[in-house]
Amino acid sequence: MSASTQAPARTASGEILEPPKETTHSSWSVRIALIIVIAFWSLPTVGLLVASFRDSVATRSTGWWTVFTPGGFEGLTIDNYVQVLEAGMGESFINSLTVAVPATIIPILAAAFAAYTFAWMEFKGRELLFVLFVGLLVVPLQVAFIPLTRLYINLGVTNDFVKMWLAHTGFGMPLAVYILRNYIGSLPREVIESAKVDGASHFETFWKLIIPLSVPALAAFAIFQFLWTWNDFLVALVFMVNNEVVTVTLAELVGSRGQDWHLLTAGAFITMTVPLIVFFSLQRFFVRGLTAGSVKG
Amino acid sequence: MGNAVTGLVAVLLGVGGAVALFWILNFAAERMPKQWEERFKPYAFIGPALFVVGIFLLYPSIITVVDSFRTSIGTADEAWTLANYNWLFTDPALRDALINNFLWILFVPAGAVSIGLLVAVLADRLSPTWEKVSKSLIFMPMAISFVGASTIWLFIYAWRPPGTDQIGLISAIFQGLGSPLATPIVQNGTLRLNTFALMIVMVWLQAGFAMVLLSAAIKNVPEDTIEAARIDGATEIQIFWKVTIPQIASTIVVVTTTILILVLKIFDIPRVMTSGNFNTDVIANVYFDQLFTARNQGRASVVVVALIVLTLPFMYINIKRFRAQEAAR
């Protein structure tokens, strides 16, 4: 940093020259500090990935890092993945998809309608009702489990997946309304007014104008909600009686086979595949979704 | 596979049903006399969303508060009581869990924000490509579930008796340095060391989130304020503390409270890594144990009431912030 404490260089005409972005020795200290943080942040995942490809003998006898020493490639295999998929993780993977996809799509339309109404229609209690949604963003989900379990019994809802879709729709709704209202509310007034002048009803404006214009916000919410339901553990633990999702299966493996690291590492990596694919392929939307959704409790 | 087909049907029914519902609501509204139509329509359009949060969040909150004053719920002996509250304030195990929650609240948001800020500032000085790569690597854990992250770190903390080959990175480092660990880290409750070991997992998960928001805020700091300080002879470190930090303070507050709310309800990490044993229990896990192991719905409810009370200030802050945003629009 000391380089920048000197007076900035000036050209003959007296203009201040921007210091070059990568000045030699300050940028080396920056790089070293960053490399340390990045190593600390990446090593856990790298170790998991390496270990998941080493057979049980290798994993049990030496650390995963020995793979980088001479002869370390011995005992590399994909058997762990086959074994853990057959031990229930494969079925759970499909179950997780079955939970997450409908739980992501179903709330969107109701939320978008509410968001449009809050943003562009005048009615009594508008602010109060929206404040209700903002307040509910941080309500702990634990409030819902006992009352909803009773409600499901009284209504005769016994299918694990139906229970999950309904619950996630409810839990995701405040956030969906919040994100979409902020976005739809920021659309230019002239666009909405002009539709009105052309004689479009609210219903038509919504379908022909608002939905197409809101695609970025819809995508941001969808990604957040999908990852949230995919990675959820607690809601599945409470409501799923006859089926398991990947997080629950992994947690059970940790409990029952806590020393079989060749299986646990492979199992953990399987649960991470879908979120990581979303992360690397849709990073822009992913960042937007997570930052917009971060207010959720 | 049968379930996947059901899922597909659910998507079609859910979306189709919603479209049909709004079409019917709109159709009904348009058949009304003009002044009624204008009045009814907004409520018809927010109705479904309101109904859903009413059933899944509002109604359960009320029931939970009522349940917290009941004992032997669902049996013939069900009755009103204050015993649950008495338990809440006097149970030593619960107090221990609250101390752990307090430590989580104290250290995790601060840790994640500090590291996020450090990376945001440092990465800003790299070339655009390297900035992107390093930020991606720090942010990546955000994609991983708490259960997955717990498994990853249990592997890092894996422990064998001293002298044998270690397969966990931390145990191997300590053994390599000549001071092997006598007990597994997650079981070592001395000075609540194990709670800190669990908290590292959360910092690892959340630092990327802090970094992304703080980095955006730092890039919004006007260049001329920094340039002016530089001309006045301020060092880079002075500029950081006296120019940059005050201008990103509101983002720091938002990030800190967001992580704080998350940490308040932390459940998955202690559940998977220790099941709350070895003095690492937290209130959300006490709730779970009361509900499913002790099968005491009254006590489980009173723990949730405590959680609600703890989140109320943040609810208030959120609403206040929202109102301020609205006023500024």
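Thresholds applied
Residues numbered from 1 in each chain as written. Chains lettered and ligands numbered in written order. Predicted model: local features only at pLDDT ≥ 70, side-chain atom pairs only at ≥ 80, totals over all residues. Heavy atoms only, no water. Helix = DSSP H or I, 4+ residues; strand = E, 2+ residues; numbered from the N terminus. Rg over C-alpha atoms; globule rule 2.2 N^0.38 Å. Buried < 20%, exposed > 50% of the residue type's maximum accessible area, 1.4 Å probe, protein only. Areas by Shrake-Rupley, 256 points an atom, 1.4 Å probe, with all protein chains shown as cover. Lys, Arg positive; Asp, Glu negative; His and termini not counted. Charge placed at Lys NZ, Arg CZ, Asp CG, Glu CD. Contact = heavy atoms within 4.5 Å. Phe/Tyr/Trp six-rings, centres within 6.5 Å; stacked < 30°, edge-to-face > 60°. Patch = residues over 30% accessible without salt bridge, like charges linked within 9 Å, V, L, I, M, F, W, Y side chains within 5 Å. Salt bridge = Lys/Arg side-chain N within 4 Å of Asp/Glu carboxyl O. Axes fitted to C-alpha atoms, helices over the stretch in contact; angles between N-to-C directions. Parallel < 35°, antiparallel > 145°, perpendicular 65-115°, else oblique. Left-handed = near helix turned anticlockwise from the far one by under 90°. Domains from an automatic or database assignment. Buried area = accessible area lost by both parts, 1.4 Å probe. Core = buried A, V, L, I, M, F, W, Y, C linked by side-chain atoms within 4.5 Å. Expected span 1.5 Å × (residues − 1). Polar contact = N/O pair within 3.5 Å; in protein donor to acceptor, adjacent residues only side chain to side chain. Nonpolar A, V, L, I, M, F, W, Y, C, P; charged D, E, K, R; others polar.

## Notes on the overall build of chain B
Argument step 1. For chain B, the count of helices and strands is 14 helices and two strands.
Argument step 2. Its C-alpha atoms give chain B a radius of gyration of 26 Å, more than 25% over the compact-globule value 20 Å for 329 residues.
Argument step 3. Along the longest, intermediate and shortest principal axes, the C-alpha atoms of chain B span 80 × 65 × 45 Å.
Argument step 4. With 329 residues in all, chain B has 53% of them scored as buried.
Argument step 5. Entry remark: accessible area of chain B is about 15,000 Å², with carbon and sulfur atoms responsible for 69%.
Argument step 6. Chain B carries 22 positive and 20 negative side-chain charges, and their two centres are separated by 4 Å.

## Overview of the overall build of chain A
Argument step 1. The helix and strand inventory of chain A stands at 13 helices and zero strands.
Argument step 2. When its helices and strands are written in sequence order, chain A yields α-α-α-α-α-α-α-α-α-α-α-α-α.
Argument step 3. The buried share of chain A, reckoned over its 297 residues, is 55%.
Argument step 4. In chain A, 75% of the contacts between residues at least 6 apart in sequence involve partners at least 24 apart.
Argument step 5. For chain A, the accessible surface area stands at approximately 12,700 Å², while carbon and sulfur atoms represent 65% of it.

## A closer look at the packing of aromatic side chains
Residue and element names in this part refer to chain A.
Argument step 1. Counted according to the given criterion, the structure contains 37 aromatic pairs over all chains.
Argument step 2. Taking the centre distance of 6.1 Å and the plane angle of 40° together, the rings of Phe118 and Phe123 count as tilted. Of the two residues examined, Phe118 and Phe123, each falls in the buried class.
Argument step 3. Ring geometry for Phe118 versus Phe130: centroids 5.1 Å apart, planes at 65°, classification edge-to-face.

## Remarks on a nonpolar patch on the surface
All names here are of chain A.
Argument step 1. A cluster of nonpolar side chains, contributed by Leu49, Phe53, Phe73, Leu76, Ile78 and Val82, occupies part of the molecular surface with about 550 Å² of accessible area.
Argument step 2. Inspection of the secondary structure puts Ile78 in the loop between α2 (56–61) and α3 (79–120).
Argument step 3. In this structure Ile78 comes out as exposed when scored by relative accessible area, which is 55%.

## A closer look at the packing of helix α13 (residues 283–292) of chain B against helix α14 (residues 297–328) of chain B
Residue and element names in this part refer to chain B.
Argument step 1. Between α13 and α14, whose axes approach to 8 Å, the crossing angle comes to 160°. Classified by the interaxial angle, the pair formed by α13 and α14 is roughly antiparallel. Of the two possible hands of crossing, α13 and α14 adopt the one that is left-handed. Facing α13, whose interface residues are Ile283, Val286, Tyr287, Gln290 and Leu291, α14 presents Gln297, Arg299, Ala300, Val303, Val304, Leu307 and Leu310.

## Comments concerning the domain arrangement of chain A
Residue and element names in this part refer to chain A.
Argument step 1. In terms of domain boundaries, chain A breaks down into domain 1 (2–52) and domain 2 (79–293).
Argument step 2. Averaged C-alpha coordinates put domain 1 and domain 2 at centres separated by 38 Å.
Argument step 3. In this assembly, five residues from domain 1 lie in contact with eight residues from domain 2.
Argument step 4. For the pair domain 1 and domain 2, the summed buried area comes to about 530 Å², and 73% of that belongs to carbon and sulfur atoms.
Argument step 5. Taken as a group, Leu48, Leu49 and Ser52 account for 79% of the area that domain 1 buries against domain 2, more than any other trio of residues on that side.
Argument step 6. Scanning the region where domain 1 abuts domain 2 turns up zero salt bridges.

## A short note on the pattern of salt bridges
Argument step 1. One pass over the full model with this rule turns up 18 salt bridges over all chains.
Argument step 2. Residue Asp67 of chain B pairs with Arg150 of chain A through a salt bridge whose shortest N-O separation is 2.7 Å. Taken together, the residues span two chains, with Asp67 of chain B in helix α2 (residues 34–67) and Arg150 of chain A in helix α5 (residues 142–155).
Argument step 3. The class for Asp67 of chain B is buried, based on a relative accessible area of 5%.
Argument step 4. The closest approach of N and O atoms between Lys219 of chain B and Glu131 of chain B, which form a salt bridge, is 2.9 Å.

## What about the domain arrangement of chain B?
Argument step 1. One can read the domain layout of chain B as domain 1 (2–67) and domain 2 (93–145 + 198–328).
Argument step 2. Summarising the inter-unit geometry, the C-alpha centres of domain 1 of chain B and domain 2 of chain B are found 34 Å apart.

## What about the nonpolar core?
Argument step 1. With 207 residues, the main nonpolar core has Phe171 and Phe286 of chain A together with Trp104 and Ile269 of chain B as its most contacted residues.
Argument step 2. The leading source of residues in this core is α3 of chain A, at 18 residues.
Argument step 3. If near-sequence neighbours (up to four positions away) are discounted, Ile269 of chain B is found in contact with Trp104, Phe146, Ser150, Leu198, Val201, Met202 and Leu205 of chain B.

## What to know about helix α1 (residues 2–30) of chain B
Argument step 1. For α1 of chain B, which comprises 29 residues, the first-to-last C-alpha distance of 42 Å matches the rise-based estimate of 42 Å (1.5 Å per residue) to within 8%.
Argument step 2. Listed in full, the buried residues belonging to α1 of chain B are Gly7, Ala10, Val11, Gly14, Ala18, Phe22, Leu25, Asn26 and Ala29 of chain B.
Argument step 3. Against the buried residues of α1 of chain B lie α3, α6 (160–185) and α8 (202–213) of chain A together with α2 of chain B.

## As for the interface of chain B and chain A
Argument step 1. Taken together, the contact between chain B and chain A spans 111 residues of the former and 114 residues of the latter.
Argument step 2. When chain B packs against chain A, the two sides together hide about 10,000 Å² of surface, and 77% of this comes from carbon and sulfur.
Argument step 3. Where chain B packs against chain A, one counts three salt bridges.
Argument step 4. If you look at where chain B meets chain A, you find twelve residue pairs in polar contact (both at pLDDT 80 or more).
Argument step 5. With 20 residues, the top contributor of residues to the side of chain B that touches chain A is α2 of chain B.
Argument step 6. Across the side of chain B that touches chain A, the residue classes tally to 72 nonpolar, 22 polar and 17 charged.

## Concerning the side chain of Ser134 of chain B
Argument step 1. Here Ser134 of chain B lies in helix α5 (residues 128–139).
Argument step 2. There is a polar contact of 3.2 Å between the side chain of Ser134 of chain B and the backbone oxygen of Glu131 of chain B.
Argument step 3. Ignoring anything within four residues of it in the chain, the contact list for Ser134 of chain B reads Leu34 and Ile38 of chain A together with Ala123 and Leu126 of chain B.

## Brief notes about the packing of helix α11 (residues 246–256) of chain A against helix α12 (residues 261–281) of chain A
Residues and elements named next belong to chain A.
Argument step 1. Contact geometry of α11 with α12 gives a least axis separation of 10 Å together with a crossing angle of 165°. Put simply, α11 runs roughly antiparallel to α12. The element α11 and its partner α12 pack so that their crossing is left-handed. Every residue of α12 that contacts α11 at Val246, Leu250, Leu253 and Val254 is listed here: Leu264, Gly267, Ala268 and Thr271.

## Here's the deal with the environment of Asn84 of chain B
Residues and elements named next belong to chain B.
Argument step 1. Note that Asn84 resides in helix α3 (residues 83–90).
Argument step 2. Among the residues examined, Asn84 registers a relative accessible area of 5% and is labelled buried.
Argument step 3. Separated by 216 residues in sequence, Asn84 and Ala300 place their C-alpha atoms 8.8 Å apart.
Argument step 4. Residues in contact with Asn84, not counting those within four places in the same chain, are Asp67, Ser68, Phe69, Arg70, Gly298, Arg299 and Val302.
Argument step 5. Among the polar contacts made by the side chain of Asn84, one reaches the main-chain carbonyl oxygen of Arg70 at a distance of 2.9 Å.

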